[in-house]
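Chains, contacts and geometry: an overview
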Amino acid sequence: MFSHSHRRFGVCSIAIRCLAPTAIAVLAPSTASAHVKWFEAYEVAAKPTSILTTLALPYFWVALLLVLAFFIATTVLEQTQPGRLALQGMDRVTSVLQLRADQFLLGVLAAFFVSLFAVGGTYLTPDLKTQSELVAWAQIGIAALIPMRRTRPIAAIAIVILWLFTLRDYDLFHLFDYLALGWGLAGYLLLSGMPDGKWHDRRFGVLRWGIALALTWSSMEKFMYPQWFMPLLEEKPFLAFGIPFREYTTMAGVAEFTLGFGLLWTPLVRRLSALALFALMFAAVYPFGRVDMIGHATILASLLVVLADPQREDALEIAPKGKLATILVPAGLAVALAVTMVSYAGLHNVIYDRTTGVLANLLRPESRTTASSTGAAPGAFWRGNEHYHGDATGNSAPGAGAAAAMIEQMNNMHANTSSVSVTGDVTRDFIALMVPHHQAAVDMARIYLETGDDPRMRLLAEHIISEQAKEIEQMHTLVSGKNKTQTHH
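Attention in this report is confined to the structure presented alongside it. These numbers come from a predicted model, not from an experiment.

Rules used in this analysis
- Residues numbered from 1 in each chain as written.
- Predicted model: local features only at pLDDT ≥ 70, side-chain atom pairs only at ≥ 80, totals over all residues.
- Heavy atoms only, no water.
- Helix = DSSP H or I, 4+ residues; strand = E, 2+ residues; numbered from the N terminus.
- Contact = heavy atoms within 4.5 Å.
- Areas by Shrake-Rupley, 256 points an atom, 1.4 Å probe, with all protein chains shown as cover.
- Core = buried A, V, L, I, M, F, W, Y, C linked by side-chain atoms within 4.5 Å.
- Buried < 20%, exposed > 50% of the residue type's maximum accessible area, 1.4 Å probe, protein only.
- Axes fitted to C-alpha atoms, helices over the stretch in contact; angles between N-to-C directions.
- Parallel < 35°, antiparallel > 145°, perpendicular 65-115°, else oblique.
- Left-handed = near helix turned anticlockwise from the far one by under 90°.
- Nonpolar A, V, L, I, M, F, W, Y, C, P; charged D, E, K, R; others polar.

**Looking at the overall build of the protein chain**
When helices and strands are tallied, the protein chain shows 24 helices and zero strands. Across the protein chain, contacts joining residues at least 24 apart in sequence account for 77% of those joining residues at least 6 apart. Approximately 22,300 Å² of the protein chain is accessible, and the part contributed by carbon and sulfur atoms is 67%.

Quick look at the structure:
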């Protein structure tokens, strides 16, 4: 498909040049984009970071301006002959997928639900665990309904029911992560099962809206809960390319949000946004493996369909036509970002701070089952699904559980340093004593991020985690190098 003519490469190079600002501003700081809840513990009931704290971060605005420049430049280019040539080149490269978009997507969706059945123990994604055997049979039933056009609407209804069924075990706020994508897939299946006509032709537009809303919503985690990503970055520091973790997480959040927003804009913008997002998510498959591949299979396939851009006349794009589209890029992005941030923080406040009684139990079953073990400290979840219990006999005032957890970390540090056997090798002994000291500081900083709300102290805690984690890694490297040198001699 790629060897028919040199002209095709020339036309496509225009699209690649259009993507250059995104590759620099987005791809570099976010090469692997994994869903943190699949690999690290979390606590959705924890108080999110203030929106004002995010807005005060310089890297937030730097990343936003860079991606905004890409959107404006691409929107302008799209109205010129080179832009039209770029679209024509992308059409030729993706022509096979354009013609067979339904077959491709339906095949992936069916395989996805078969994979969920085979793996077992999950509702819709790796973090939504279940012990119910009925769920597994529902998944294989959905897979069997997808291939036939007449039964696809039933499959769509079954997906919605499965999502609703998950509410018995997980908080509504947690499931917002999967609302737009799950219902977007269900909407696609419903419309693809309808007779040919206006509604059937809008199936890909509905799917694209589901992806866009899912990505823009989930990107808020990187702003509101940056502490969730620290353990992942500590384990795989190469993901940050040497960028400090706080700046990396902020820029990654901007990238995910703005590219998700780009899926709703004009053809060239949305197709390049889909290409960038596909590259980011597919890059996560290697370091994170099968879990990431299965979990992201539907969104990866959907992004390829967006890249192919079938049914362009029924794309349901929000961007105005002509020069007005260029003028409204900053306004559209600003409105989308403001609405999403306020909705995220507002809904969290309503569900966790203002809802009480029976309604609270219905909306927060996940938090209800963990509340008894977390004590007074909110957000006690961290790594390995363990809870910071605090001191059961201590003060019950807010924050007392967190303080008890910090004391526990200090006690662990003293126990670890006391157990060190002095060898007489000052380098070895220094590192053996310093590593527990640094690790205690990292653990205490994590606890503060889960409970503290002072913006200045939160920034300090993030700095401690980033810098001392690097120093721990450096000390391990130095010891390893010294061991190899001595073995060699």
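**Some thoughts on the nonpolar core**
Proteins that are soluble and globular tend to have nonpolar side chains buried together. Formed by 94 residues in total, the largest nonpolar core has its most connected members in Phe113, Ile146, Leu189, Ile211 and Leu263. Per-element accounting of this core gives the leading share, 11 residues, to helix α9 (residues 172–192). Beyond its immediate chain neighbours, meaning those up to four positions away, Ile146 contacts Leu106, Leu109, Ala110, Phe113, Arg152, Ala155 and Leu189. The next biggest cluster of nonpolar side chains, apart from the first, holds 19 residues, and it includes Phe245, Tyr248, Ala284 and Val435.

**Notes on the packing of helix α11 (residues 203–218) against helix α14 (residues 245–262)**
Where α11 contacts α14, the two axes come as close as 8 Å, and the packing angle between them is 160°. Considering the angle they form, α11 stands roughly antiparallel to α14. For the pair α11 and α14, the sense of crossing is left-handed. Residues Ala212, Leu215, Thr216 and Ser218 of α11 pack against Glu256, Phe257, Gly260 and Phe261 of α14. Grouping the amino acids of the contact of α11 with α14 by side-chain chemistry returns four nonpolar, three polar and one charged.

**Some words on unusual backbone geometry**
For residues that are not glycine, phi is negative in most cases, and the peptide bond is trans in most cases. For Asp309, which is not glycine, the phi torsion reads 60° and is therefore positive. Along the polypeptide, Asp309 turns up in the loop between α18 (297–308) and α19 (323–354). On the accessibility criterion, Asp309 (6% relative accessible area) is buried.

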